[in-house]
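The lines below spell out each chain.
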Amino acid sequence: MKSVSKVSLLALPILLVFGIAAVNSKTVKHTFRVSYISGLPDGVLTTSILGINGKYPGPLIEAEVGDVLEVTVINKIQDGQNVTLHWHGLHQRGTPFQDGPSQITQCPLKEGSTQVYTFPLLLPGTYWYHSHVNSQYTEGLWGSLIVRGTPEVWQELYDEEILITVNDWYHTSAKQNEEWFLRPESGGAPPYPFSVLMNGVGRYPCGTALKAGRLCVSYSQVRPVFKVQPRKTYRLRLINTSGWVAFNFTISGHTLTPIEVDGIDLAANQPVHHAIFIGAGQRYSFLLKADAGVVGDEFLIRASLRKEFLFTLAGNINPAPEAVINEVTGVIKYANVGRQTYSSSPLVKPSFEQFDHSKTYRTVETWSTMDFLTEMETVPFDAVPAPPNFDTEKVVNIIFQNDENGLRRGSFNGHPFELPTGKPALGKLVDGIPIPEATSHFNMKYGDIVQVVINNPELGPHPIHLHGHHFWVVGMGHSGDGSYDPLRHQLNLNGHRRDTVLVKEKSWLVIRFRADNPGVWLMHCHIDWHMLSGMAMVFVEAPELASSIRVPDEARKVCADHNVFI
Ligand SMILES: [Cu+2]
């Protein structure tokens, strides 16, 4: 399904349009057939897995900076569902129609239709792609996306790479979850996950599943095992692809030296820690030195879901939240392996081994004794400080309240976000049609420095994701700090930046970015259930330049399927 071709003469005009050098660049092509498949990711037979080319998770995309990514998506879902893909963390600078959110930057792709996404990869880092239609990615429609620099900033510090994804998992379909969640009876409590997975696999108690009438095969329960060569150093890429949950993550007996945050390379000699708290949508790269043992030693890779942030009520679509196994694990196995990577990739290929309950592991620390990374202390490699001032400001208060139907909805400032109908918001912008009031939006001029203040009076953290940008995080309150108060709270201009950031419980956050990417960019909570209920808004960036945005033929074609013309 994947082919790579060196840049051809035919591709040159595209590259020139994108404005990047064609030297040594190539087009990385994938074809994604999206359809429902069955599987047992956690041992429980699940028929509502939205797979790509018959697999879950979706294919890994690996490319280099300067390459053009071309992904042909074929919607074979067969029950009338639309689909889109969003490339989480990529700015889509100059290609805003490729960003993916349904009815924001494109019409959704209808069943039986095909859409080709084409855009240059301008930024190195660890990214991921996922559906941006309703809560579709929570049932499987996602994959990892790695873009390597040529050369990588810290290439000389590591030998090979390890990719780890962690996410929550449902036995119920996204449709069932949505129907249940968007009823007053849910009380605004999201569907409670059934399992947590690492690299697509995990473990559910089969006894509980069988009682609920679900097929469960305990011997199918496996976990990823990465064989490492003692004394080698690995770049561990970590992605949280959850619909809801945040994790504590650690590797027993080892330290983690951060070198990348959400695609931003970090400066040398960042503080070393034992653990990290990672929210939905966030990514990190760490240096992992295999210097804690000898051949034969095994260490646990541990991702533990932060249950205290999961709000639930009796009657939840998951009838047994107490049965969820909090911690999903993989294994780092010291071995004489030489090179065990995928062909033409520096990634160590994991094996998937049956879960062995009789085994005990060296050095299993308790979470409370571990030293966690403080993300605000990390400094980017390019050392670009945050802008000291701003031109325009948006203050956003996270609010949950009942709507007129008694449905408890999340929102920014009490206005649950509504998707526009007809043309997607970006199509409206380009055609000079006003974006409706219910599609909460904020306009800014080209070049403005925008400050966004987010206050979270709620009892759980929210991972806030902005499309189209990496933003500077200039202030992040501790849990319980209350709302942002410029007289009381100190900002930090050290340049920490990323694309998804947690606003802590009962606390505040201040981010800044430069409005230099004309388009319509969504900002939303990456708890997919919160976004679904309305915790989102769009930034309309440089509307004065909208007429210069090129509408790709593909975008027109996908909209025309809905009798929408841009
Ligand atoms: Cu949220």
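Throughout, a residue's number is its position along its own chain's written sequence, starting from 1. Predicted model: local features are reported for residues with pLDDT of at least 70 only, side-chain atom pairs are reported and counted for 80 or more only, and whole-chain, interface and lining totals are derived from all residues. Think of the side-chain values as coming from all heavy atoms in the structure, minus any hydrogens and water.

Caption draft 1: A look at a nonpolar patch on the surface. Exposure above 30% relative accessible area and the absence of a salt bridge qualify a residue for a patch, where like charges join within 9 Å and nonpolar side chains (Val, Leu, Ile, Met, Phe, Trp, Tyr) within 5 Å. A 1.4 Å probe and the Shrake-Rupley method give the accessible areas. Residues count as covered only by the protein chains that appear here. For this document, the term salt bridge refers to a Lys or Arg side-chain nitrogen within 4 Å of an Asp or Glu carboxyl oxygen. A surface patch of nonpolar side chains, about 230 Å² in accessible area, is lined by Leu40, Leu45 and Leu215. Helix and strand assignments follow DSSP, with helices taken as H or I runs no shorter than four residues and strands as E runs no shorter than two, numbered in order from the N terminus. Among the structural elements, Leu45 can be located in the loop between β2 (26-39) and β3 (46-52). On the basis of relative accessible area, Leu45 is assigned to the partly exposed category, the value being 32%. Using a 1.4 Å probe on the protein chains alone, a residue whose accessible area is under 20% of its type maximum counts as buried, one over 50% counts as exposed, and one in between counts as partly exposed.

Caption draft 2: Main features of the coordination of the copper ion. Counted as donors are N, O and S atoms no farther than 2.8 Å from the metal, or 3.2 Å for Na, K and Ca; water is not among the atoms, and sites may therefore look incomplete. Distances from the copper ion to its protein donors, His462 (ND1), Cys525 (SG) and His530 (ND1), fall at 2.0 to 2.1 Å. Binding-site remark: the copper ion is held by donors from one chain whose sequence spacing is H-x62-C-x4-H.

Caption draft 3: Inspection of helix α6 (residues 553-560) at higher detail. Those residues of α6 not exposed but buried are Ala555, Val558 and Cys559. Across the axial projection of α6, the buried residues extend over an arc of 100°, all falling on one side. Contacts: residue pairs with any heavy atoms within 4.5 Å of one another. Summarising the contacts, the buried residues of α6 are in contact with β7 (114-120). For this quantity, the arc is that covered by the directions from the helix axis to the C-beta atoms.

Caption draft 4: Helix α2 (residues 174-181), seen in detail. The complete set of buried residues in α2 reads Ala174, Asn177, Glu178, Trp180 and Phe181. Angularly, the buried residues of α2 cover 165° about the axis, an arc narrow enough to put them on a single face. For α2, the elements touching its buried residues are α5 (528-533).

Caption draft 5: Spotlight on the UniProt feature "domain: Plastocyanin-like" (unreviewed entry) in the chain. The positions UniProt marks with the feature "domain: Plastocyanin-like" (unreviewed entry) are residues 36-149, 161-306 and 431-543. Taken end to end, residues 431-543 is 5% helix and 44% strand, and its two terminal C-alpha atoms sit 11 Å from one another. UniProt positions are given in the numbering used here, feature names are shortened, and annotations may be inferred rather than shown by experiment.

Caption draft 6: The arrangement of the pairing of strand β19 (residues 283-289) in detail. Here β19 lies mainly inside the structure; six of its seven residues are buried. Only strands joined by at least two bridges in the DSSP assignment are considered to pair. One ladder, built from seven bridges, connects strand β14 (residues 233-240) with β19; its direction is antiparallel. In the sheet register, Leu236 faces β19, and the bridge partner there is Phe286. In terms of strand pairing, strand β16 (residues 257-261) meets β19 through four bridges, oriented antiparallel. Counterpart to Glu260 in the pairing with β19 is Ser285.

Caption draft 7: Seen up close, the domain arrangement of the chain. Taken domain by domain, the chain comprises domain 1 (2-152), domain 2 (160-377) and domain 3 (392-560). Distance from the C-alpha centre of domain 1 to the C-alpha centre of domain 3: 23 Å. In this complex, domain 1 contributes 35 residues to the contact, which on the side of domain 3 involves 41 residues. The term buried area means the drop in 1.4 Å probe accessible area that two parts suffer when joined, counted for both and summed. Taken together, the two surfaces of domain 1 and domain 3 that pack against each other cover about 2800 Å², and 63% of this comes from carbon and sulfur. Ranking the residues of domain 1 by area buried against domain 3 places Phe97, Gln103 and Ile104 at the top, with a combined share of 27%. Between domain 1 and domain 3 we count one salt bridge in total. Domain boundaries shown here were taken from an automatic or database domain assignment.

Caption draft 8: Quick peek at the sheet that holds strand β15 (residues 247-251). The mixed open sheet is built from six strands, whose spatial order is β18-β15-β20-β21-β13-β22. At either margin of the open sheet sits one strand with a lone partner, and together these are β18 (275-278) and β22 (351-354). Ignoring which end each strand starts from, the neighbouring axes of this sheet average 25° apart. Strand direction decides the pairing type here: strand β20 (residues 298-305) and strand β21 (residues 327-334), joined by seven bridges, are antiparallel. Inter-axis angles, ranging from 0 to 180 degrees, are taken between N-to-C directions of lines fitted to C-alpha atoms, where helices are fitted over the stretch in contact.

Caption draft 9: How the structure looks around the pairing of β18. Residues Ala275 and Phe277 point to one face of β18 and Ile276 and Ile278 to the other, with burial holding for every one of them. Summarising the sheet, β15 and β18 pair through four bridges and their orientation is antiparallel. Across the sheet, residue Thr250 finds its bridge partner in β18, namely Ala275.

Caption draft 10: Spatial organisation of the state of the cysteines. The disulfide criterion used throughout: a pair of cysteine sulfur atoms within 2.5 Å. On inspection of all chains with the given rule, the structure shows two disulfides. Between the sulfur atoms of Cys206 and its disulfide partner Cys216 the distance amounts to 2.0 Å. Judged by the torsion about the S-S bond (-70°), the Cys206/Cys216 disulfide is left-handed. One end of the pair, Cys206, is in helix α3 (residues 206-211); the other, Cys216, is in the loop between α3 and β13 (222-228), with 10 residues separating them in the sequence. According to the relative accessible area criterion, Cys206 is buried, its value standing at 14%.

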